[in-house]
Amino acid sequence: MKLLLLLGLLSLGSVYGQVELRWPTGAYGLPKSDSGCPAAVGFEWREGSRLHDSRQASPNNQWSDSLNFYGDHSESAMEQHFCMKPYELAGDGEGDWPAGQYCIFKAPENDCPTGFSEGWIYWNEPDWANQNDVHGFVPDGWYDRDTLMRYCCRADNAAGTPINLPNSAPFYLFRKGSSCQEVAGMTVQAQWFEWDCGDVYWFTSTIENDSGGDTPDVVVNNDIRIHYCYYY
């Protein structure tokens, strides 16, 4: 009877697509969604935030019709919030990240997890009355009047091949390679945010935003648009 009950529960879990999995080992971070940091076993997410002050003559931050970021965003300011796993401790995760096409945040003072390559994005933000701010645990990079964040990316399997990650709560990954990575038991929605990094005047033809290495899908010119994948 106990065996039959156990098999029934496992079958029910398969029907609803909920798999009790642990987040992979290593140090890394994820964007925080409006549902908060996803459930974790063996560790607690460390949270932080970065305020991007886009106030200028004509502020014009833009975003996709659907956006599930935690925190405030408007045409003139935007808060990035982070769920960071800043350390690697024994028993705090399970296995390596699966092969696929996606990116995560790089944790300070750590290499990218196995299978990932490093990249960075630089925001050259408005200088006038700049009120950028930073709190708590944030991705590897630097945070002053301008911003640089480092990422860990991989493209070693087809995005359409589902990977197994904890699927009991919503979370974000970064898009890599024009399509969102499929995650078993979850629905995915492509989203984006575009930072207006400054007004271009007669004496300056461009804003010196930049990127390098292995990055999420990003468009870098006078503004910066980053593509996200929201799982729910």
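**With respect to the confidence of the model for the chain**
Of all residues in the chain, 86% attain a pLDDT of 70 or more, and the chain-wide mean is 88. Residue range residues 1–17 is modelled with pLDDT below 50. Its contacts to residues more than four positions away, or to other chains, number 3 contacts.

**Regarding the state of the cysteines**
Summed over the entire model, instances satisfying the criterion amount to 4 disulfides. The side chain of Cys103 participates in a disulfide bridge whose partner is Cys153; the two sulfur atoms lie 2.0 Å from each other. For the disulfide bridge between Cys103 and Cys153, the dihedral angle about the S-S bond is near 115 degrees, and by the sign convention the bridge is right-handed. Here Cys103 is found in strand S5 (residues 101–105), whereas its partner Cys153 is found in strand S9 (residues 147–155), with 50 residues between them in sequence. Judged by relative accessible area, which is 1%, Cys153 ranks as buried. A sulfur-sulfur separation of 2.1 Å characterises the disulfide bridge that pairs Cys112 with Cys152. Disulfide Cys112-Cys152: torsion about the S-S bond near -85 degrees, hence left-handed.

**So, a nonpolar patch on the surface**
Among the surface-exposed residues, Tyr87, Leu89 and Phe137 lie close enough to one another that they form a single nonpolar patch of about 310 Å² accessible area. Summarising the element assignment, Tyr87 is placed in the loop between strand S4 (77–85) and S5. Classification of Tyr87 by relative accessible area gives partly exposed; the value is 46%.

**What to know about empty space enclosed by the protein**
All told, the structure shown has 1 cavity of 30 Å³ or more when counted by the stated rule. There is about 60 Å³ of room inside the largest cavity. Along the walls of the largest cavity sit Pro31, Lys32, Phe69, Tyr70, Met78, Glu79, Gln80, His81, Phe105 and Tyr228, which together make up its complete lining. Per element, the largest residue contribution to the lining of the largest cavity is 4 residues, and it comes from S4. Counted by class, the lining of the largest cavity contains 6 nonpolar, 2 polar and 2 charged residues.

**What to know about the pairing of strand S14 (residues 223–231)**
Residues in a regular strand project their side chains so that they alternate between the two faces of the sheet. The buried fraction of S14 is high, at 8 of 9 residues. As judged from the 4 bridges shared by strand S10 (residues 171–175) and S14, these two strands associate in the antiparallel manner. Across the sheet, residue Phe171 finds its bridge partner in S14, namely Tyr231. Of the pairings in the sheet, the one linking strand S11 (residues 188–196) to S14 comprises 9 bridges and is antiparallel in character. Note on S14: the bridge partner recorded for Asp196 is Asp223. Across 3 bridges, the pairing between strand S13 (residues 218–220) and S14 is antiparallel. Counted as the bridge partner of Val220 is Ile224 from S14.

Parameters and conventions
- Residues numbered from 1 in each chain as written.
- Predicted model: local features only at pLDDT ≥ 70, side-chain atom pairs only at ≥ 80, totals over all residues.
- Heavy atoms only, no water.
- pLDDT = per-residue confidence, 0-100.
- Contact = heavy atoms within 4.5 Å.
- Disulfide = S-S within 2.5 Å.
- Helix = DSSP H or I, 4+ residues; strand = E, 2+ residues; numbered from the N terminus.
- Buried < 20%, exposed > 50% of the residue type's maximum accessible area, 1.4 Å probe, protein only.
- Patch = residues over 30% accessible without salt bridge, like charges linked within 9 Å, V, L, I, M, F, W, Y side chains within 5 Å.
- Areas by Shrake-Rupley, 256 points an atom, 1.4 Å probe, with all protein chains shown as cover.
- Salt bridge = Lys/Arg side-chain N within 4 Å of Asp/Glu carboxyl O.
- 1 Å grid on protein atoms, 1.4 Å probe; cavity = no way out; pocket = protein on both sides within 12 Å on 5 of 7 lines; lining within 4 Å.
- Points joined across faces, edges and corners; volume = space filled by probe spheres on them.
- Nonpolar A, V, L, I, M, F, W, Y, C, P; charged D, E, K, R; others polar.
- Pairing = 2+ DSSP bridges.

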